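# Architecture at a glance
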Amino acid sequence: MRHLIDITDFTVEEIEAILDLGDEMIADPAAYKEALRGKILATLFFEPSTRTRLSFESAMLSLGGSVLGFSSADSSSTAKGESLMDTIRTVSCYSDIIAMRHPKEGAPMAGSLKSYVPIINAGDGGHNHPTQTLTDLMTIRRCKGRLGNMVVGMCGDLKFGRTVHSLIGAMSRYEGVEFVLISPPELKVPAYINDELKKKAIPFREVETMEEVMPELDVLYMTRVQKERFFNEADYIRLKDTYILDPEKLRTAKTDLSILHPLPRVNEISTRVDDDPRAVYFDQVRNGRFVRMALIKTLLDWRNEA
Amino acid sequence: MKVDSIHTGIVLDHIRAGRGMDVYRYLHLDELDCPVAYMRNVRSEAMGRKDIIKIDANINVDLDVLGYLDPGITVNIIVDGQLVEKKKLSLPEKLTNVITCKNPRCITTVEGALDQVFLLKDRARGVYRCMFCDAERKSKALR
Ligand SMILES: [Zn+2]
């Protein structure tokens, strides 16, 4: 039985097929509105994330399926001291597929060892969030018509940003991708990502400002720079404006640049950018729903074939 | 048991000097009933000094554990006073319940029933990663 714990659990071809199905679902949602009639998705959110949970629930409902679950650990049996493994085994008797979010890293992988149904990792602490990555890939492919041969800029908190780490991992598998990593020195990507890019001979550069690389970028992936990541207030104040995207910084950008953000945003993208046709972060939200529809259907189809 | 010769058992040779106690601990040799000799700082032409452990019984030594600790260790199996087998060690692909994950955010820190599983990710550098959280551990030998 297949699960989605880490984006690299799926081959490039499998991801391609899921994105194709997602495109079809966007083009003709009515054709899929009964696709999973009678099936149940359990959303087990041991840590609240309304946005992600709603995206999963909307996806399942759009396929004609039903949802059950809980939205925080204190409303679950975990609060009574039940082990994660027992909860998963129990819930997998009540449902056909599980989307699970947990504050501990590796919890969905642990759950998959005991589950009778496919598990989708809906975020495990700072570790993985593969459906966000699928959403990002879908958005990039819909904008560019391809996933290779492009310059991808990643901007903001590259040290702790798990969405950045998995997107780099996922995009590294396509040919002709070059990364430009834009961050303050204290928030550069972790050494292991550096090592991996070098090992695979994937071109990348680390820079400190957006302006110096803006004209080269095909994709700009923005992330939040959180105050608590800095050692002192002064550094934060000194640096925060450097990593805020506004129309002035975009002046030298390509006309077909795509600006992504995993959302929620605080202030790292000025609202004055929202109406720029290059801003696709709200399309991303819609794509997230459809790619989750495609993912749920694919995992259940694979299960039927097995 | 004479320390320099055993009749039937296992000799763990070429342990790096000072590391014999780690081997003793990881193999749980303290739980054995048979005689076990631990020799420190034995003169060695190749290594200068080395540690040796002799176990006076043909127990099943966990070669994965030894391979993780130091693939340079030699495992000699002695039967009736004869050396019958020299086992080659290498870094194992998978370690189950040999080392524990040090990442405080890892699910293994709260789910007691889970095995501690580490997978070899980079043989040249001896890097293992926790199967659950990807936290890195390096083979002790290569540290
Ligand atoms: Zn771990």
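Let us look at the structure shown here. (Residues numbered from 1 in each chain as written. Chains lettered and ligands numbered in written order. Predicted model: local features only at pLDDT ≥ 70, side-chain atom pairs only at ≥ 80, totals over all residues. Heavy atoms only, no water.)

### Structural notes on the interface of chain A and chain B
Let me state the cut-off plainly: Contact definition: two residues touch when any of their heavy atoms are within 4.5 Å. The buried area of a pairing is the accessible area, by a 1.4 Å probe, that goes missing from both parts when the two are put together, added over both. Here a salt bridge means any side-chain nitrogen of Lys or Arg lying within 4 Å of a carboxyl oxygen belonging to Asp or Glu. Here a polar contact means two N or O atoms within 3.5 Å. Within protein one must be a hydrogen donor candidate and the other an acceptor candidate, and residues neighboring in sequence count only if both atoms are side-chain atoms. A helix here means a DSSP run of H or I that spans at least four residues, while a strand means a run of E at least two residues long, and both kinds are numbered starting from the N terminus. Asp, Glu, Lys and Arg are counted as charged, while Ala, Val, Leu, Ile, Met, Phe, Trp, Tyr, Cys and Pro are counted as nonpolar; the rest, among them Gly, fall into the polar class.
Chain A puts 17 residues into the contact, and the matching count from chain B is 16 residues. Contact between chain A and chain B buries roughly 1,200 Å² in total, counting both sides, with carbon and sulfur atoms accounting for 54%. We note a salt bridge from R105 of chain B to E105 of chain A, for which the minimum N-O separation is 2.9 Å. In this structure, the connection of chain A to chain B is made through 8 residue pairs in polar contact (both at pLDDT 80 or more). Mapped by element, the contributors of at least two residues to the side of chain A that touches chain B are α3 (84-94), α4 (107-114) and α7 (191-199) of chain A. Ranked by residue count, the leading element in the side of chain A that touches chain B is α4 of chain A, at 4 residues. Considering only residue class, the side of chain A that touches chain B consists of 7 nonpolar, 5 polar and 5 charged.

### Thoughts on α3 of chain A
All names here are of chain A. What counts is decided by this rule: We call a residue buried when its accessible area falls under 20% of the maximum for its residue type, exposed when it is over 50%, and partly exposed in between, using a 1.4 Å probe and counting protein chains only. The arc refers to the directions leading from the helix axis to the C-beta atoms.
Of the positions making up α3, those classed as buried are L84, M85, T87, I88, V91 and S92. The buried residues of α3 occupy one face: seen down the axis, they fall within an arc of 155°. Facing away from the buried side of α3, by more than 90 degrees, are the exposed residues C93 and Y94.

### Quick word on the side chain of N103 of chain B
Positionally, N103 of chain B belongs in the loop between β6 (94-96) and β7 (117-122). For N103 of chain B, a relative accessible area of 9% translates into the label buried.

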